[in-house]
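Close look at the chain arrangement
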Amino acid sequence: MTENDFRNIILKRLTERNVRESKFEEMVYYTHRMLERNYELKSENLAITLENEKLRKGIDAGGGIDLGSIARIQSLEKKLLEKQEELMDLHKRKSDHQSMIIDLNVKVSDLQKQIEHKNISLNEQQKLNQMLKAEVNLLTVKVGKLEELNSTLKDEHTALHLLFGSLEEKLKKTQAENAQLLERLMKSKAKDAEKMNEENETFLRKKNDAMKRELAEAMGSDSNTILSPPINEDAFFHGCSAPNVFFGDEIPNKVHMKFDSNDGEVNAVRWSPLMERMIATGGADRKVKLWDVGKGNTYELRGNLIGSNQAVTSLDFDSTGTLILASSNDYASRVWGINDHRLRVSINIVILSI
Amino acid sequence: MANDREVLKVVWEGKIPAKFVIDSNDNDEVYYLNLPRISYFALCTDKVKKHFQRHIEKEDDIWFSYMDVPLKFHIPIGVIYDLLVSDNSLPWQINVHFNKFPEDILFKFPNKDVIESHFLSCLKEADFLKHKGQVICQLQKKDHKQLFLGLQNDKFDQFWAVNRRLMETTEQENGFKNLPLRCYTDDGYSYLQKLITPLTEKGQKKTLKDLLVEFSTPAKKPVGAKTHGIEVPLETELQWLSETLSYPDNFLHLCLIYE
């Protein structure tokens, strides 16, 4: 058997089967139709029964009036009912509309309020805006001014810079000049010292010579024991009693009294020429002090003469003893009165020198 | 395969007229329905349920029987008919029950998802036998859905658009690896399942005759097989039979006929 044969057999049998089994198809179909129809009729029947019931009730209410009028009355009643329903419907709608209108009114007022709010805020914002604009203008003007100022300051700065440069140059020049002058000064000083030394030497030589001459004369005139040279100096001084002969000073070897006159260094002291036991001291504390040095070891401060700005270097009394002159490291000399301790004259020496 | 479409269409259209009767004495209500052979009870008894609604207390409890044998929900209707109705009497009278659900015999199918998953698992088993599961794995979720919906809504083209791929063989293979088939004995619902190749060791195509030999035991020897309500010729090639006369679950359900 080939494939087609058994295939055909199977197909034939299947077709036969379908034919056999589909005999009932129509029956099933119509059963379904019938059942559906049945359902429909049942529901229809139910509706009719309900209607019937209603009608029966209507008849009971209507009583003995004949059928035609009943039908008319019924139809009129029905119409009336319909109209009433319509009326009700309209009333309902009307009330709906009214409520809607109220709602809308409320909404409108709300919106108006909102608009007012918005307007107010808008005005405020505009005002603010104007203010801010004015401020901005002010600020821009200020900025312009500041810029101008800045530029002038810059110009000044550059000018000053230039000036500073030139001044610096000048300073350098003067410094160099100064150095040169100093050098020259040193040289001249050295020369001066040399000269002084020479002078001293010549002076000493002359003195020695004179002394030798005098000694020789004395030896010649005097018949006293001849002291063979070299002469003992000490013996010579002690032995000498002639008034025209020159005396050696005594070297102080004992401190009579001692006191702290000035704070720091003491640069100058001077006895008063007229007033007894009066001395003046000047020192690094920029003061000239007047002291009464009593008999015994007592001392008393008479006055402070102030006015110096630097240390006092030197001082002197005038011949009358009423004024005192002091020099100071601040390039100035000052004159005070002794009795009233007042500054009389202050002279800047530098100015003087010019 | 153009010729096969004719056969497939005829197989697809097979319907059994059934008469549903309530299983109680005081009620003579009946309901007629055409049941598709290839479908399942769980898929086509919605109308029955609806018709008998006022008798139903719990929806899950409805079940059917024929001559006191409960009808299984997960076996194709055609197979059940071929198994149980020996005299081919029409219409098929089915009793409807609303209580005493025989839970030891029947599985409950509360919704269509359960029958769908059962159907898909059958498809997978069949494809594993045929192609080692390669084709079913390539199908997408929507293809699975399309297969089931085609069956549920009785759409031949929708179903076969996808099922065609499951039934195809390549030239080198010359047939399936094994044939997915279940041979029902005459003992209720019990069936035999064996690994059956479509070719003999010599490379010839096996026929139904060869199959019957493989399923015969010393005690019982089948002489024929029935499926889709017809007796299959002994000379039918098994490969063709599997491709053409399989149920939608891709299994060949054969009812063996003994002497």
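Residues numbered from 1 in each chain as written. Chains lettered and ligands numbered in written order. Predicted model: local features only at pLDDT ≥ 70, side-chain atom pairs only at ≥ 80, totals over all residues. Heavy atoms only, no water.

**So, unusual backbone geometry**
Although it is not a glycine, arginine 286 of chain A sits at a positive phi angle of roughly 65 degrees. Within the secondary structure, arginine 286 of chain A is located in the loop between strand S2 (278-283) and strand S3 (288-293). On the accessibility criterion, arginine 286 of chain A (45% relative accessible area) is partly exposed. The backbone of histidine 228 of chain B shows a phi angle near 55 degrees, a positive value even though the residue is not glycine. (Helix = DSSP H or I, 4+ residues; strand = E, 2+ residues; numbered from the N terminus. Buried < 20%, exposed > 50% of the residue type's maximum accessible area, 1.4 Å probe, protein only.)

**Describing the side chain of aspartate 143 of chain B**
Considering the arrangement of structural elements, one finds aspartate 143 of chain B in helix H7 (residues 141-152). Not counting the four nearest positions on each side in its chain, aspartate 143 of chain B is found in contact with Val162 and Arg165 of chain B. (Contact = heavy atoms within 4.5 Å.)

**A word on the packing of helix H5 (residues 112-131) of chain B against helix H8 (residues 156-167) of chain B**
All names here are of chain B. Contact pair H5 / H8: the axes reach a minimum separation of 10 Å and the direction vectors enclose 35 degrees. Contact with H5, carried on its side by Phe119, Leu123, Asp127, Lys130 and His131, involves Phe159, Leu166 and Met167 of H8 and no other residues of that element. In terms of residue class, the contact of H5 with H8 is made up of 5 nonpolar, 1 polar and 2 charged. (Axes fitted to C-alpha atoms, helices over the stretch in contact; angles between N-to-C directions. Nonpolar A, V, L, I, M, F, W, Y, C, P; charged D, E, K, R; others polar.)

**Quick notes on the side chain of serine 328 of chain A**
Residue and element names in this part refer to chain A. Of note, serine 328 is situated in strand S6 (residues 323-328). Judged by relative accessible area, which is 9%, serine 328 ranks as buried. A polar atom in the side chain of serine 328 sits 3.3 Å from the backbone oxygen of alanine 311. Apart from the residues within four sequence positions on either side, serine 328 is in contact with Ser308, Asn309, Gln310, Ala311, Val312, Thr313 and Arg334. (Polar contact = N/O pair within 3.5 Å; in protein donor to acceptor, adjacent residues only side chain to side chain.)

**Thoughts on the interface of chain B and chain A**
Contact with chain B, which involves 34 residues of that partner, is made by 22 residues of chain A. Buried surface at the junction of chain B and chain A, both sides included, amounts to about 2600 Å², of which 65% is carbon and sulfur. On the chain B side of the contact with chain A, Tyr32, Ile230 and Trp240 of chain B bury the most area, a combined 21% of that side's loss. Across the contact surface, chain B and chain A share 0 salt bridges. Only helix H1 (2-13), strand S1 (15-22), strand S2 (30-36), helix H3 (46-51), strand S9 (230-231) and helix H10 (238-245) of chain B provide two or more residues apiece to the side of chain B that touches chain A. Counting residues per element, the side of chain B that touches chain A draws most heavily on H1 of chain B, which supplies 7 residues. (Buried area = accessible area lost by both parts, 1.4 Å probe. Salt bridge = Lys/Arg side-chain N within 4 Å of Asp/Glu carboxyl O.)

**What to know about the nonpolar core**
Core analysis: the largest hydrophobic core is formed by 85 residues, its most contacted members being Phe20, Leu35, Phe41, Phe64 and Trp92 of chain B. Counting residues per element, this core draws most heavily on H8 of chain B, at 6 residues. When sequence neighbours within four positions are dropped, the list of residues in contact with phenylalanine 41 of chain B reads Leu35, Phe64, Leu71, Lys72, Phe73, Ile77, Ile80, Trp92 and Ile94 of chain B. Grouped together as the second largest cluster of nonpolar side chains are 13 residues, Ala280, Leu290, Leu315 and Trp336 of chain A included. (Core = buried A, V, L, I, M, F, W, Y, C linked by side-chain atoms within 4.5 Å.)

**Digging into the environment of leucine 212 of chain B**
Relative to the helices and strands, leucine 212 of chain B is located in helix H9 (residues 208-214). Along the chain, leucine 212 of chain B and glycine 224 of chain B lie 12 residues apart, while their C-alpha atoms are 7.3 Å from each other.

**Some details on H7 of chain B**
Residues and elements named next belong to chain B. For H7, spanning 12 residues, the distance from its first C-alpha to its last is 17 Å, which sits close to the expected 16 Å at 1.5 Å a residue. Buried residues of H7: Asp143, His144, Leu147, Phe148, Gly150 and Leu151, and no others. Looking straight down H7, one finds its buried side chains confined to an arc of 160 degrees; they lie on one side. Facing away from the buried side of H7 by over 90 degrees, the exposed positions are Lys141 and Lys142. Immediately beyond the C-terminal end of H7, within one or two residues, lies aspartate 154, with a positive phi of roughly 60 degrees. (Expected span 1.5 Å × (residues − 1). Arc of directions from axis to C-beta.)

**Some thoughts on the confidence of the model for chain B**
The share of residues in chain B with pLDDT of 70 or more is 93%, and the mean pLDDT across the chain is 80. With a pTM of 0.48, the predicted complex shows an ipTM of 0.71. (pLDDT = per-residue confidence, 0-100.)

**What about the sheet that holds S2 of chain A?**
Residues and elements named next belong to chain A. Spatial strand order, S1-S2-S3-S4: 4 strands in an open sheet with antiparallel pairing. Each having just a single partner strand, strand S1 (266-271) and strand S4 (299-305) make up the two edges of the open sheet. Strand-to-strand twist across the sheet, computed as the mean angle between neighbouring axes with direction ignored, equals 25 degrees. Note: S3 against S4, 6 bridges, orientation antiparallel. In the strand pairing of S4, leucine 290 is matched with glycine 303. (Pairing = 2+ DSSP bridges.)

**Thoughts on the packing of H7 of chain B against H8 of chain B**
All names here are of chain B. Where H7 meets H8, the axes come as close as 8 Å, and the angle between the chain directions of the two elements is 125 degrees. On the basis of the axis angle, H7 is oblique to H8. Every pair of crossing elements has a handedness; the one defined by H7 and H8 is left-handed. Two secondary-structure elements touch here, H7 through Asp143, Gln146, Leu147, Leu149, Gly150 and Leu151 and H8 through Gln158, Phe159, Ala161, Val162, Asn163, Arg165 and Leu166. (Parallel < 35°, antiparallel > 145°, perpendicular 65-115°, else oblique. Left-handed = near helix turned anticlockwise from the far one by under 90°.)

**Re the packing of aromatic side chains**
In this description, a pair of aromatic rings is defined by centroid distance and the angle of the planes. All names here are of chain B. Scanning the model with the defined rule gives 16 aromatic pairs over all chains in all. Between the aromatic rings of phenylalanine 64 and phenylalanine 73, the centroid separation amounts to 6.3 Å while the plane-to-plane angle is 65 degrees, which identifies the pairing as edge-to-face. By way of ring pairs, the aromatic residues Phe20, Phe41, Phe64, Tyr66, Phe73, Tyr81 and Trp92 are connected into one cluster. A cation sits over an aromatic face here: arginine 182 above phenylalanine 251, 4.2 Å from the ring centre. Between the NZ or CZ atom of lysine 194 and the centre of the ring of phenylalanine 215, over which it lies, the distance is 5.3 Å. (Phe/Tyr/Trp six-rings, centres within 6.5 Å; stacked < 30°, edge-to-face > 60°. Lys NZ or Arg CZ within 6 Å of the ring centre and 35° of its normal.)

**A short note on the sheet that holds strand S6 (residues 181-184) of chain B**
Residue and element names in this part refer to chain B. Across the sheet, which stays open at both edges, the 5 strands sit in the order S7-S6-S10-S8-S9 with mixed pairing between neighbours. Pairing within the sheet leaves two strands with one partner each, and these edge strands are strand S7 (191-192) and S9. Here strand S8 (residues 222-227) pairs with S9 via 2 bridges, running antiparallel. Residue lysine 226 lies in a different strand from S9, and its bridge partner there is glutamate 231.

**So, the pattern of salt bridges**
Side-chain pairs of opposite charge can arise whenever the charged atoms involved come near each other. Residue and element names in this part refer to chain A. Across all of its chains, the model carries 13 salt bridges over all chains by this definition. Across the salt bridge formed by arginine 334 and aspartate 330, the nearest N and O atoms sit 2.7 Å from each other. Across the pair, aspartate 330 and arginine 334 agree in class, each one buried. The shortest N-O distance in the salt bridge between aspartate 340 and arginine 344 comes to 2.7 Å. For aspartate 340, a relative accessible area of 38% corresponds to the partly exposed category.

**Details of the pairing of S8 of chain B**
A regular strand carries its side chains on alternate faces of the sheet. All names here are of chain B. S8 sits mainly inside the fold: 5 of its 6 residues count as buried. Pairing geometry for S8 and strand S10 (residues 252-258), over 4 bridges, is antiparallel. Residue pairing in the sheet places alanine 225 in a bridge with leucine 256 of S10. With antiparallel pairing between neighbouring strands as the criterion, S8 and S9 make up a hairpin whose turn holds 2 residues, including histidine 228 at a positive phi of roughly 55 degrees.

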